[in-house]
Amino acid sequence: SEGNRRTLDNFKILLQKEDHYATLRQQIEKCALPCIPYLAVYMDAISDIESKYKTIDSHQRISIQKCKLLYPLLKEIQMYQSKRFKFLKVEELR
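Residues numbered from 1 in each chain as written. Predicted model: local features only at pLDDT ≥ 70, side-chain atom pairs only at ≥ 80, totals over all residues. Heavy atoms only, no water.

Caption draft 1: How the structure looks around the side chain of Glu76. Within the secondary structure, Glu76 sits in helix α4 (residues 64-80). Although Glu76 lies buried, it forms no salt bridge, and the closest oppositely charged side chain, Arg25, sits 4.9 Å away as judged by the N-O distance. The residues contacting Glu76, other than those within four sequence positions of it, are Glu29 and Tyr42. (Helix = DSSP H or I, 4+ residues; strand = E, 2+ residues; numbered from the N terminus. Buried < 20%, exposed > 50% of the residue type's maximum accessible area, 1.4 Å probe, protein only. Lys, Arg positive; Asp, Glu negative; His and termini not counted. Salt bridge = Lys/Arg side-chain N within 4 Å of Asp/Glu carboxyl O. Contact = heavy atoms within 4.5 Å.)

So, in structure tokens, the structure goes:
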């Protein structure tokens, strides 16, 4: 149906891998906490940074540039872990 086609097209736009899922990350930022983000978004970006930058530079110093790139990603992941979910006990499922 037309409605299903539109929904599918919206998901395709949302899940585009371009710029490390920038569209999806923007939508996740709008969500109220607690939220479980799609971690592949962050793993993709972290993996990219890991492959492009050495942890220790040629002078045997820690790469500040790499740290500056990783910090916002790790801070964002940590933010999603900061608020607890409130689960209701369902006696029938015990």
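Caption draft 2: Region of interest: unusual backbone geometry. Cis geometry is found at the peptide bond from Leu33 to Pro34, where omega equals 0°. The topology assignment puts Pro34 in the loop between α2 (18-29) and α3 (39-52). Despite not being glycine, Gln60 shows a phi value in the positive range, around 65°.

Caption draft 3: Expanded view of the nonpolar core. Counting 13 residues, the largest nonpolar core has Leu24, Ile28, Val41, Tyr42, Ile46, Leu73 and Tyr80 as its most contacted members. Of all the secondary structure elements, the ones that give two or more residues to this core are α2, α3 and α4. Looking at this core, the element that brings in the most residues is α3, giving five residues. Contacts of Leu24, omitting those with residues within four sequence positions, involve Leu14, Leu15, Tyr38 and Val41. (Core = buried A, V, L, I, M, F, W, Y, C linked by side-chain atoms within 4.5 Å.)

Caption draft 4: Expanded view of the pattern of salt bridges. Under the defined criterion, the tally for this structure stands at four salt bridges. We note a salt bridge from Asp48 to Lys52, for which the minimum N-O separation is 3.3 Å. You can see Asp48 and its partner Lys52 sitting in helix α3, four residues apart, about one turn around the helix. Note on Asp48: relative accessible area 24%, which makes it partly exposed. A salt bridge links Asp57 to Arg61, with the shortest nitrogen-to-oxygen separation between them at 3.5 Å. Asp57 gets classed as partly exposed once you look at its relative accessible area, which sits at 25%.

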